[in-house]
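Topology and contacts: notes
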Amino acid sequence: MRHTPATTRPPEYDAFDTADEAYIFTRDLLRVHEGRRRKAYIPPVGRSSATISTGLDLGQHDVASLHAMGIPAAIVGRLAPLAGRNAREARQILHLHPLVLSEAEDHAVEEAIVRHFMHTTAQAYDAAQHTTSTEVPPGVHSPTGGTPATSTVAGIRTPDLRRQHTASTGPESDAESALRVGGDAPTALPRGNGQAVAPSTSHHRNEASSHRRRFSDLPKELQAPVVSVLFQHGSPRAVPRFWALVTRGDWRGAIAEMRSFYRRPTVLQTRRDAEAGIMETGLKRLEMA
């Protein structure tokens with residue numbers, strides 16, 4: 001009798017937290033770091049333009065991308081005059097026409113942008129987990145709904161999570177790669193842009209690459225800091241070392257990277273240190289599973 005070898009199926013993992021639990025945890029983390037304001041304002045430092053709700057920098061988005069994030073059409077209509085405007089233009093508009101959202105509008109904007117970034121981060125992470133070619137799988141879309149811009153991180157091409165600036169040409173500069181999607185732009189760049197990442201020497205268990213969980217199945221304490229980093233820096237290619245460690249499942253290495261994230265001392269490191277502590281809690285939950 002001819003022996004037919006049994007096929008090995010990756011184990012099915014249960015999610016550590018419900019989608020709503022992960023959303024609330026991520027939303028609250030972003031509120032702590034980004035702040036939350038119903039009245040549009042120009043941050044006093046950094047490169048940001050008019051910002052509103054939980055760190056939504058309207059200068060980084062056009063009307064189409066605001067719709068694509070799931071913000072209700074009526075609210076997009078109110079935000080539209082500030083969409084794509086630089087700080088000088090936005091300041092002039094706000095001087096004549098201050099923009100204040102109602103509590104209901106602010107809630108709708110916040111939920112749309114947080115869920116959008118959670119979803120888009122999960123798409124990029126899951127694509128990197130399960131793709132060995134250099135192409136982005138079908139179904140991974142850019143925030144604007146078109147063909148995604150991609151970048152190579154640890155051999156995987158991942159979608160750029162920021163609004164695509166179609167007028168820009170050439171490779172992204174260090175300054176451009178540090179631009180955030182919401183709130184103030186970092187004044188210090190992440191270290192190691194474009195450098196290869198050596199495997200972690202940690203002896204702690206990392207999940208096998210073929211058996212890794214989907215992003216939504218990870219503990220919320222691992223999901224939220226990853227979303228926070230990409231929300232702030234805009235794209236996996238802006239933080240290639242961190243992204244490579246995360247998508248490889250090297251959480252010890254990712255935590256170490258968070259604790260020495262910037263080339264120069266900066267107040268932003270305080271944010272990364274706090275998120276590293278949260279990730280340690282998530283890793284403990286993962287290792288106990």
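Looking at an unreviewed UniProt entry, one finds the protein named Flocculin repeat domain, with Nitratidesulfovibrio vulgaris as its source organism.

The next point concerns the packing of helix α7 (residues 220-233) against helix α10 (residues 268-288). It is at 7 Å that the axes of α7 and α10 come closest, and there the two elements cross at 150°. Compared by their axis directions, α7 and α10 come out roughly antiparallel. Regarding α7 and α10, the two cross each other, and that crossing is left-handed. Residue-level inspection shows Lys220, Glu221, Leu222, Pro225, Ser228, Val229, Gln232 and His233 of α7 in contact with α10, the latter providing Leu268, Arg271, Arg272, Glu275, Ile278, Met279, Thr281, Gly282, Leu283, Arg285 and Leu286. A class-by-class count of the residues in the contact of α7 with α10 yields eight nonpolar, five polar and six charged.

Here we come to the packing of aromatic side chains. Tallying each qualifying case throughout the model produces four aromatic pairs. Ring pairing ties together the aromatic residues Phe242, Phe261 and Tyr262, which thus form one cluster. Between the NZ or CZ atom of Arg37 and the centre of the ring of Tyr41, over which it lies, the distance is 3.9 Å. For Lys220, the ring lying beneath its charged end belongs to Phe25, and the centroid distance is 5.6 Å.

Moving on, we get to the confidence of the model for the protein. It should be kept in mind that the predicted coordinates are not to be read in detail where pLDDT is low. On average, residues of the protein score 76 in pLDDT, and 66% of them reach the 70 mark or higher. Across residues 4-11 the pLDDT falls below 50, and counting only partners more than four positions away or on other chains, this stretch makes three contacts in the model. Across residues 131-187 the pLDDT falls below 50, and counting only partners more than four positions away or on other chains, this stretch makes 144 contacts in the model.

A few words now on the side chain of Lys220. Its place among the elements puts Lys220 in helix α7. By relative accessible area, which is 18% here, Lys220 ends up buried. Not counting residues within four places of it along the chain, the set of residues in contact with Lys220 comprises Asp17, Glu21, Ala22, Phe25, Pro225 and Arg285.

By definition, the strands of a sheet pair up through backbone hydrogen bonds, in either a parallel or an antiparallel sense. The antiparallel open sheet is built from three strands, whose spatial order is β1-β2-β3. Across the chains shown, the open sheet's two edge strands, defined by having one partner strand only, are β1 (37-41) and β3 (56-57). With two bridges joining them, β1 and strand β2 (residues 51-53) adopt antiparallel strand pairing. Following the sheet pairing, Tyr41 is matched in β2 by Thr51.

Conventions adopted
Residues numbered from 1 in each chain as written. Predicted model: local features only at pLDDT ≥ 70, side-chain atom pairs only at ≥ 80, totals over all residues. Heavy atoms only, no water. Axes fitted to C-alpha atoms, helices over the stretch in contact; angles between N-to-C directions. Helix = DSSP H or I, 4+ residues; strand = E, 2+ residues; numbered from the N terminus. Parallel < 35°, antiparallel > 145°, perpendicular 65-115°, else oblique. Left-handed = near helix turned anticlockwise from the far one by under 90°. Contact = heavy atoms within 4.5 Å. Nonpolar A, V, L, I, M, F, W, Y, C, P; charged D, E, K, R; others polar. Phe/Tyr/Trp six-rings, centres within 6.5 Å; stacked < 30°, edge-to-face > 60°. Lys NZ or Arg CZ within 6 Å of the ring centre and 35° of its normal. pLDDT = per-residue confidence, 0-100. Buried < 20%, exposed > 50% of the residue type's maximum accessible area, 1.4 Å probe, protein only. Pairing = 2+ DSSP bridges.

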